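Working through the structure, step by step
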Amino acid sequence: MFEQDGTAKYYNNNRYPLDMHSVSQAVFTLLKVGKTPDDFILAEKVINRAIKTLYMPKNQRFIYQKISILPIRLTMCVGHKHGYIIRLLILIDKN
């Protein structure tokens, strides 16, 4: 359930909401279950897209969820933590 640009979809029939949990689950599944070279490429694409759409550089946090154009600015530690988990998984699996 991914779009061409790497967006991990929460629902199969709608791009929104963009959700950090969907990103985290997608990356975890691709890296730990899939483990093919294509899965690694897609995981990196998903991460880059999440950084572009869900990361707030000023606050150094991830948005918890974005509905359509308006972000829900619940920058709970859950979203923040998942961002670091994604980065850690990529680093671990590339070594």
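Keep in mind that what you see is a predicted model, and the values were worked out from it rather than measured.

Observations concerning the confidence of the model for the protein
For the protein, the average pLDDT comes to 79, and 72% of its residues sit at 70 or higher. When pLDDT is averaged over each element of the protein, helix 2 (residues 37–54) comes out on top at 94 and helix 3 (residues 77–94) at the bottom at 49. Confidence over residues 72–79 falls short of pLDDT 50; this stretch has 16 contacts with residues more than four positions distant or in other chains. Residue range residues 90–95 is modelled with pLDDT below 50. Its contacts to residues more than four positions away, or to other chains, number eight contacts.

A short note on the nonpolar core
Generally speaking, nonpolar side chains in soluble globular proteins are found buried as a group. Counting 16 residues, the largest nonpolar core has Ala8, Met20, Val23, Val27, Val46 and Leu54 as the members making the most contacts within it. Of all elements in the fold, only helix 1 (20–34) and helix 2 reach the threshold of two or more residues within this core. If one sorts the elements of this core by residue count, helix 1 sits on top with six residues. Not counting residues within four places of it along the chain, the set of residues in contact with Val46 comprises Phe2, Gly6, Ala8, Val23, Ala26 and Val27.

Notes on the environment of Pro17
Note that Pro17 resides in the segment before strand 1 (18–19). C-alpha separation for the pair Pro17 and Lys66, spaced 49 residues apart in sequence, amounts to 5.5 Å. Discounting residues that sit within four places of it in the chain, Pro17 has contacts with Tyr10, Tyr11, Gln65, Lys66 and Ile67.

Side note on the packing of aromatic side chains
Going through the model one piece at a time under the given rule, you end up with two aromatic pairs. With a centroid separation of 4.8 Å and an interplanar angle of 80°, the aromatic rings of Tyr10 and Tyr11 are classed as edge-to-face. By relative accessible area, which is 39% here, Tyr10 ends up partly exposed. Residue class for Tyr11 comes out partly exposed when judged on its relative accessible area of 43%.

Structural notes on the packing of helix 1 against helix 2
The axes of two packed helices give the description: the angle between them and the distance between them. Contact pair helix 1 / helix 2: the axes reach a minimum separation of 9 Å and the direction vectors enclose 165°. Judged by the inter-axis angle, helix 1 sits roughly antiparallel to helix 2. At the point where helix 1 passes helix 2, the crossing takes the left-handed sense. Of the residues in helix 2, those touching helix 1 at Met20, Val23, Ala26, Val27, Leu30, Leu31 and Gly34 are Asp39, Phe40, Leu42, Ala43, Val46, Ile47, Ala50 and Leu54. Of the residues assigned to the contact of helix 1 with helix 2, the class counts are 13 nonpolar, one polar and one charged.

So, how was this worked out
- Residues numbered from 1 in each chain as written.
- Predicted model: local features only at pLDDT ≥ 70, side-chain atom pairs only at ≥ 80, totals over all residues.
- Heavy atoms only, no water.
- pLDDT = per-residue confidence, 0-100.
- Helix = DSSP H or I, 4+ residues; strand = E, 2+ residues; numbered from the N terminus.
- Contact = heavy atoms within 4.5 Å.
- Core = buried A, V, L, I, M, F, W, Y, C linked by side-chain atoms within 4.5 Å.
- Buried < 20%, exposed > 50% of the residue type's maximum accessible area, 1.4 Å probe, protein only.
- Phe/Tyr/Trp six-rings, centres within 6.5 Å; stacked < 30°, edge-to-face > 60°.
- Axes fitted to C-alpha atoms, helices over the stretch in contact; angles between N-to-C directions.
- Parallel < 35°, antiparallel > 145°, perpendicular 65-115°, else oblique.
- Left-handed = near helix turned anticlockwise from the far one by under 90°.
- Nonpolar A, V, L, I, M, F, W, Y, C, P; charged D, E, K, R; others polar.

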